[in-house]
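Results of the structural survey
Next come the chains, spelled out residue by residue.
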Amino acid sequence: MKIYFAASIRGGRDDQGLYLEIVNLLKDYGEVLTEHIADVKISQMGEMKATEFIYERDMGWLKESDVVVAEVTTPSLGVGYELGIAETLKKKVLCLYRESPERSLSAMVRGNGAFEVVNYKELEDLKEIFDKFFK
Ligand code: 6K6
């Protein structure tokens, strides 16, 4: 099982520690192609590689993946783009969102029947969500 994990980089890195925990959990279900998304060394400025290289590499991994898991709490143009491509490629997609009174998820994600969108509160909720999704 090849898993494409998508999460905010330029959109903001406040949840980087959580991304790391999610990647570690996902490793119980398959190979995480995009482990670097959780890397503390990737700042909001991104990796020190050419943007064209990053785009081509990430699109290759997206095509190769069996499922896409996206943490969508921090809004990110890149994650939104990846989700649109994942839908076109007919990938199975799980979106994870931490609800709070100050924000709400884009209707383009929440309202899209092609995606499984799940609210969660904390890391501990994710094992059950992943068990169901990967079953
Ligand atoms: C490097 C140079 C300039 O910007 C960068 C960013 N580096 C990235 N490295 C790896 N993946 C990236 C990068 N930028 C975006 N992505 C992809 O888009 C990842 O797969 C993330 O899921 C998503 C994050 O998008 P933004 O818009 O929050 O950066």
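The structure reproduced in this document is the subject of the present report. Predicted model only: the values in this text are computed from it and were never measured. (Residues numbered from 1 in each chain as written. Predicted model: local features only at pLDDT ≥ 70, side-chain atom pairs only at ≥ 80, totals over all residues. Heavy atoms only, no water.)

Focus: unusual backbone geometry
- Here K90, not a glycine, exhibits a phi torsion of approximately 60°, which is positive.
- Secondary-structure assignment places K90 in the loop between helix 3 (77-88) and strand 4 (92-98). (Helix = DSSP H or I, 4+ residues; strand = E, 2+ residues; numbered from the N terminus.)

So, the environment of T51
- Note that T51 resides in helix 2 (residues 51-64).
- Along the primary structure T51 and P101 are separated by 50 residues, whereas in three dimensions their C-alpha atoms are 35 Å apart.
- Engagement of the side chain of T51 in a polar contact is seen with the side chain of E52, the distance being 3.3 Å. (Polar contact = N/O pair within 3.5 Å; in protein donor to acceptor, adjacent residues only side chain to side chain.)

Quick word on the pattern of salt bridges
- Taken as a whole and judged by the stated rule, the model has 7 salt bridges.
- A salt bridge links E35 to K27; its shortest N-O distance comes to 2.9 Å.
- You can call E35 partly exposed: its relative accessible area is 41%.
- In this structure, R57 engages D58 in a salt bridge whose closest nitrogen and oxygen atoms are separated by 3.2 Å. One exposure class covers both R57 and D58, and it is buried.
- Within the structure, one salt-bridge network assembled from shared partners comprises D15, E71 and R98. (Salt bridge = Lys/Arg side-chain N within 4 Å of Asp/Glu carboxyl O. Buried < 20%, exposed > 50% of the residue type's maximum accessible area, 1.4 Å probe, protein only.)

Examining the pairing of strand 1 (residues 2-6)
- Of all the 5 residues making up strand 1, 4 are buried; the element is thus mostly covered by neighbouring parts of the structure.
- With 2 bridges connecting them, strand 1 and strand 2 (residues 31-32) associate as parallel partners. Paired with I3 across the bridge in strand 2 is V32.
- As judged from the 4 bridges shared by strand 1 and strand 3 (residues 67-71), these two strands associate in the parallel manner. Within the sheet, the bridge partner assigned to Y4 lies in strand 3 and is V68. (Pairing = 2+ DSSP bridges.)

Points about the side chain of R98
- By secondary structure assignment, the location of R98 is in strand 4.
- Here R98 falls in the buried class, since its relative accessible area comes to 16%.
- Among the polar contacts listed, one links the side chain of R98 to the side chain of D15, at a separation of 3.1 Å.

Structural notes on the packing of helix 2 against helix 3
- Packing of helix 2 against helix 3 leaves a shortest axis separation of 11 Å and a crossing angle of 40°. Compared by their axis directions, helix 2 and helix 3 come out oblique. In the crossing of helix 2 with helix 3, the sense of the turn from one axis to the other is right-handed. Only Y81, E82, I85 and A86 of helix 3 make contact with helix 2, whose side of the interface consists of Y55, D58, M59 and L62.
- By residue class, the composition of the contact of helix 2 with helix 3 is 6 nonpolar, no polar and 2 charged. (Axes fitted to C-alpha atoms, helices over the stretch in contact; angles between N-to-C directions. Parallel < 35°, antiparallel > 145°, perpendicular 65-115°, else oblique. Left-handed = near helix turned anticlockwise from the far one by under 90°. Contact = heavy atoms within 4.5 Å. Nonpolar A, V, L, I, M, F, W, Y, C, P; charged D, E, K, R; others polar.)

Considerations on the packing of helix 1 (residues 16-26) against helix 5 (residues 126-134)
- Running from amino to carboxyl end, helix 1 crosses helix 5 at an angle of 45°, the nearest separation of the two axes being 11 Å. In terms of orientation, helix 1 and helix 5 fall into the oblique class. Considering how the two elements wind past one another, helix 1 and helix 5 form a crossing that is right-handed. The residues of helix 5 that touch helix 1, namely those facing I22, L25 and L26, are L126, K127, F130 and F134.
- The class makeup of the residues in the contact of helix 1 with helix 5 is 6 nonpolar, no polar and 1 charged.

Interpretation in functional terms is not warranted from these geometric data alone.
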